[in-house]
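Tertiary structure, described
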Amino acid sequence: IIFGALISLIGLFCIIIALIKRKPNDYTLACFGALTLLYAARTNAYLFFIDFGPGSWDYWRGFITYILPIFVWLFFEQLLGRGWKSSIRYLIFLQILFSTVEIIAGFIFQAHLKAMIANNVIVIIGMVVILINLFNPNIQKIRHLRVLKFGTILVVSVSILNNLSD
């Protein structure tokens, strides 16, 4: 809960800074803030603040689980561009399509988190796409690229292990 509260504050702070700075066509901080807020919500950090009825937390957790990767891919698109052969852009479209269908189906059929295996496969493919694009020699020069690469390798490793274990 402390971890969730901490990353919630980080996410909220990033969104506030993004709103204050308002650089045209630069949504990096806003995407990072949104993904950290969603990740914090997924860690059950908000259960003490919001009273969810029986079964409704399962729906919201499924909703968050399916929406979260969209903001991850958007964040990396802001950093790296569209990707090699627009691979990051196609990944975003695929995730949006999948998430929309699954959220609607989960709501209609009351079957939340039933497509987790498919979601995990898309996330693993997405992480591979991000790594390929991150280590592409034609990437635009980003300050602190080494730190970004190291951090991304750690996050991707943990994410892949987590998605394979589900």
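My aim in this report is to walk through the structure given alongside it, one point at a time. (Residues numbered from 1 in each chain as written. Predicted model: local features only at pLDDT ≥ 70, side-chain atom pairs only at ≥ 80, totals over all residues. Heavy atoms only, no water.)

A separate point is the nonpolar core. Formed by 31 residues in total, the largest nonpolar core has its most connected members in Tyr 66, Trp 73, Phe 75, Phe 76, Leu 79, Leu 80 and Ile 88. Only helix 2 (28-42), helix 3 (56-80), helix 4 (87-109), helix 5 (116-134) and helix 6 (145-165) provide two or more residues apiece to this core. When residues of this core are assigned to their parent elements, the largest contribution, 11 residues, is made by helix 3. When neighbours within four sequence positions are excluded, Phe 76 is seen to be in contact with Gly 81, Ile 88, Ile 130 and Thr 152. (Core = buried A, V, L, I, M, F, W, Y, C linked by side-chain atoms within 4.5 Å. Buried < 20%, exposed > 50% of the residue type's maximum accessible area, 1.4 Å probe, protein only. Helix = DSSP H or I, 4+ residues; strand = E, 2+ residues; numbered from the N terminus. Contact = heavy atoms within 4.5 Å.)

Now for unusual backbone geometry. Located in the positive-phi region is Lys 85, a residue other than glycine, with phi close to 55 degrees. Positionally, Lys 85 belongs in the loop between helix 3 and helix 4. Look at Lys 85 and you get exposed, because its relative accessible area is 62%.

What follows concerns the environment of Ser 86. As for its position among the elements, Ser 86 is in the loop between helix 3 and helix 4. By relative accessible area, which is 21% here, Ser 86 ends up partly exposed. Through-space distance from the C-alpha of Ser 86 to that of Gly 11 is 27 Å; in sequence the pair is 75 residues apart.

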